[in-house]
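# Fold and contact review
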Amino acid sequence: MHTLHLYNSFSKKKETFQPIHPPYVNMYVCGPTVYGPAHLGHARSAITFDILFRHLQHSKYQVKYIRNITDVGHLENETEEDKIAQAAKKYSQEPMALAQHFTNSYRKDMQDLNILPPTIEPQASGHITEQIAIVQNIIKKGYGYVKNGSVYFDLQKYHQNFHYGTLSGRILEDLWEATRSLNHQKEKKNAHDFALWKKASEKHIMRWPSPWSEGYPGWHLECTAMSKKYFGSHFDIHGGGMDLLFPHHECEIAQAMCTEQQNPAKYWIHHNMITVKKQKMGKSLQNFITIQDLLQQHTLHPMAIRMFILQAHYRNPLNFSLPALQAAQKAYYKLYNGYQYLQANQVTTPTYNSNSYTQTLKKKIKNIEEKCTYAINDDLNTPKVIACLFDLLKIIHDLQKRMIDWQSLDQDTRICLYNTYTHFFKKILGLYEEEYKEKNTQYMMSILLPCYIEAKKNNNYDLIDHIRKALQKQNIRLKDLKNTVDWHYVMLNDKI
RNA sequence: GGUCACGUGGCCGAGUGGUUAGGCAGUGGUCUGCAAAACCUCUUACAGCGGUUCAAAUCCGCUCGUGACCUCCA
């Protein structure tokens, strides 16, 4: 697979990725509803599409990536109350202040996880006009009806002319049969009709004027409005969690089909859920763990979270446990130390040594590089990429131990090793620490290491132990090798 | 109840007709002032029962088990 293949939830097949208008790629991903702190599930979504974003960019595509912020219109089903408004009451804050607060914290969390910011991050509340225009269009086409100032989507009528349920594999007739008789919803013609516009009750704060009432837009509308505004009626990728597949994305398709006569996205990409004790992590079960909890209470390195998520394929469920995250953290430090070693040992002078051993090694490295490319192109198989990185790490360890002489390698081999490792570890998987920390540490070590080596020469064990202990406090451990001394990072809570 | 997934070694998790996934943990060794790291070594699994095949963990069927969606969730 030298080109990207992605599993398309719409066709339920792995497909060759071909942009509509190469080299441009437009990708729209459903972002969070900002009424609480981001948890591990949000991290999975953001990381999954971050990998896709990075890989597309490195595949020479010009990518526009939109990830929206839902700050209005997402209703609690039972109470029919806006999620933001309800949370605002709980925290005694104004809804928009609350939305802003959690938008900020979401961005900070994503930054901690080294997730690239999307090209555009639009907010639903900033696109009310566009949403109203779409409702008008849907009514004009005959698929929306007004009832007491609210507007609903007429699914039955839609289903007669288009087919509803292709994405989710639902059969509308079955849905009707399965529908419960509870009906606090007396305005709808059919239980599965969904709201396009809701009239605000007297006490409802979040409200905008519209041709039908003072009110607020339905949840499914924002993505349709914002994707159309920035991408037009047909774009390359639409992503989100599997839990959004139905009804959210199904409804988006319905809205687009009846107004634009086409499926909005060419590729529908859905990632699976994080589970806790095999059950979905989510707000309703109250079994979620926030990103800040993991970083602060459990003193995890942010990259441990990234590693944990990337060690599983995005379309499979991933079970959360602290030991699993800690294992991922150890694995991350190992890979990071390999990266750090390559950074410190970049070769600037060309050498032309070439023997049969180097040739074999070069072949081996090239082979791993190909495997990495194949894996990432094969529907973003990040676990396999990580496995390959560990294969490269083995080679790096050999170099480090001078079992393979670094100088005996020709430049091409070294560059290949460096480039492959750096490309996948840092650029594609996005696993790395902040540059400034890296540089500071390297500077400090360049001063300290000679002192340490000198002390070793003189068998000055007191000084040796002193340096070791001092560095341990900075999470750095020294490695005495046969002919030299090296250093590496250790876990924050590791014992000496 | 309907629709759809999935069941891999102590744990986490790839793979998918014949060839070592990988990580964590553990075993024994090499190295070492002591360590650590690294290296080598060992523990070699695919829910159960049938079937197809020269060959199945991988395809098909059944059984059991788990989960997701069907209502808000990334």
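For an interface, size is often stated in terms of accessible area lost upon the parts coming together. Assigned domains within chain A: domain 1 (5-271), domain 2 (325-428) and domain 3 (435-489). With 10 residues of domain 2 in contact, the opposing surface of domain 3 contributes 11 residues. Applying the counting rule to domain 2 against domain 3 returns 0 salt bridges. On inspection of domain 2 and its partner domain 3, the count reaches 0 residue pairs in polar contact (both at pLDDT 80 or more). The biggest single contributor to the side of domain 2 that touches domain 3 is helix 11 (residues 322-344), with 7 residues. For the side of domain 2 that touches domain 3, the per-class residue count stands at 4 nonpolar, 4 polar and 2 charged.

With the rule as written, the count across this model stands at 15 salt bridges. Between Asp-154 and Lys-189 there is a salt bridge, with its nearest N and O atoms 3.1 Å apart. Of the two residues, Asp-154 sits in the loop between strand 8 (150-153) and helix 5 (155-161) while Lys-189 sits in the loop between helix 6 (172-178) and strand 9 (195-199), which places them 35 residues apart along the sequence. Note on Asp-154: relative accessible area 8%, which makes it buried. Residue Lys-189 is classed as exposed on the basis of its relative accessible area of 54%. Through salt bridges with shared partners, a single ionic network connects Asp-50, Arg-54 and Arg-306.

Bridging between strand 1 (residues 5-8) and strand 2 (residues 13-16) involves 4 bridges; their strand directions are antiparallel. Across the sheet, residue Leu-6 finds its bridge partner in strand 2, namely Glu-15. The hairpin formed by strand 1 and strand 2 contains 4 residues between the paired strands, and Lys-12 there has a positive phi angle of roughly 60°.

For the rest of this paragraph, the subject is the packing of aromatic side chains. Here the structure, examined in full by the defined rule, presents 21 aromatic pairs. With a centroid separation of 5.4 Å and an interplanar angle of 45°, the aromatic rings of Phe-231 and Phe-235 are classed as tilted. Comparing Phe-231 with Phe-235 shows no difference in burial state: the two are buried. Ring pairs connect the aromatic residues Tyr-143, Phe-153, Tyr-158, Phe-162, Tyr-164 and Phe-194, which therefore count as one cluster. Sitting over the ring of Tyr-143, Lys-157 keeps its end group 5.5 Å from the ring centre. Sitting over the ring of Phe-246, Arg-170 keeps its end group 4.4 Å from the ring centre.

Bringing the sheet that holds strand 12 (residues 265-271) into the picture now. In spatial order, the strands read 4-3-11-12; together these 4 strands make up an open sheet with parallel pairing. Both outer strands of the open sheet, strand 4 (62-67) and strand 12, are each paired with one neighbouring strand and no more. Adjacent strand axes in the sheet meet at a mean angle of 20° when their direction is disregarded. In the sheet, strand 3 (residues 24-29) pairs with strand 11 (residues 235-241) via 3 bridges, with the strands oriented parallel. Bridge assignment links Val-29 to a residue of strand 11, and that residue is Gly-239. Across the face of the sheet, helix 7 (residues 219-231) comes into contact with strand 3, strand 4 and strand 11 while running at roughly 160° to strand 3.

What follows deals with helix 8 (residues 245-260). Since the α-helix advances by 3.6 residues per turn, residues separated by three or four positions end up pointing in the same direction. Counting buried positions along helix 8 yields 13 of 16 residues, so the element is predominantly enclosed. A positive phi of about 60° marks Gln-261, the residue just after helix 8.

Residues Phe-153, Tyr-158, Ile-237, Ile-305 and Tyr-421 are the most contacted members of the largest nonpolar core, which totals 147 residues. Element by element, the count of residues in this core is highest for helix 11, at 10 residues. For Ile-305, the residues in contact, after removing those within four places along its chain, are Leu-40, Ala-43, Leu-113, Ile-291, Leu-294, Leu-295 and Leu-325.

Parameters and conventions
- Every residue gets a number counted from 1 within its own chain, in the order that chain's sequence is written.
- Chain A is the first chain written and ligand 1 is the first ligand written, with later ones labelled in order.
- The model is predicted, so local features are restricted to residues of pLDDT at least 70 and side-chain atom pairs to those at 80 or more, both for listing and for counting; the totals for chains, interfaces and linings are taken over all residues.
- To obtain the side-chain values, all non-hydrogen atoms of the structure were used and water was disregarded.
- Residue ranges for the domains trace back to a domain assignment, done automatically or taken from a database.
- By the convention used here, residues are in contact when the closest approach between their heavy atoms is within 4.5 Å.
- We define a salt bridge as a contact between a side-chain nitrogen of Lys or Arg and a carboxyl oxygen of Asp or Glu at a distance within 4 Å.
- We define a polar contact as two N or O atoms separated by no more than 3.5 Å, with the added condition that, inside protein, one atom must be a possible hydrogen donor and the other a possible acceptor, whereas residues neighbouring each other in sequence contribute only through side-chain atom pairs.
- Numbering of helices and strands runs from the N terminus; a helix is a DSSP stretch of H or I covering at least four residues, while a strand is a stretch of E covering at least two.
- Just so you know the grouping, Ala, Val, Leu, Ile, Met, Phe, Trp, Tyr, Cys and Pro go in nonpolar, Asp, Glu, Lys and Arg go in charged, and all remaining residues, Gly too, go in polar.
- Partly exposed residues are those whose accessible area sits between 20% and 50% of the maximum for their type, while under 20% is buried and over 50% is exposed, using a 1.4 Å probe and protein chains only.
- Two strands are said to pair when DSSP picks up at least two bridges between them.
- Two aromatic rings, drawn from Phe, Tyr or Trp (for Trp, its six-membered ring), form a pair once their centres lie within 6.5 Å of each other, and the interplanar angle then sorts them: stacked below 30 degrees, edge-to-face above 60, tilted otherwise.
- For a ring to carry a charge above it, either NZ of a lysine or CZ of an arginine must fall within 6 Å of the ring centroid while also lying within 35 degrees of the normal to the ring plane.
- Axis angles are defined between N-to-C directions and span 0 to 180 degrees, where every axis is a line fitted to C-alpha atoms and, for a helix, only to the segment in contact.
- In this text, buried Ala, Val, Leu, Ile, Met, Phe, Trp, Tyr and Cys residues form a nonpolar core when linked through side-chain atoms within 4.5 Å.

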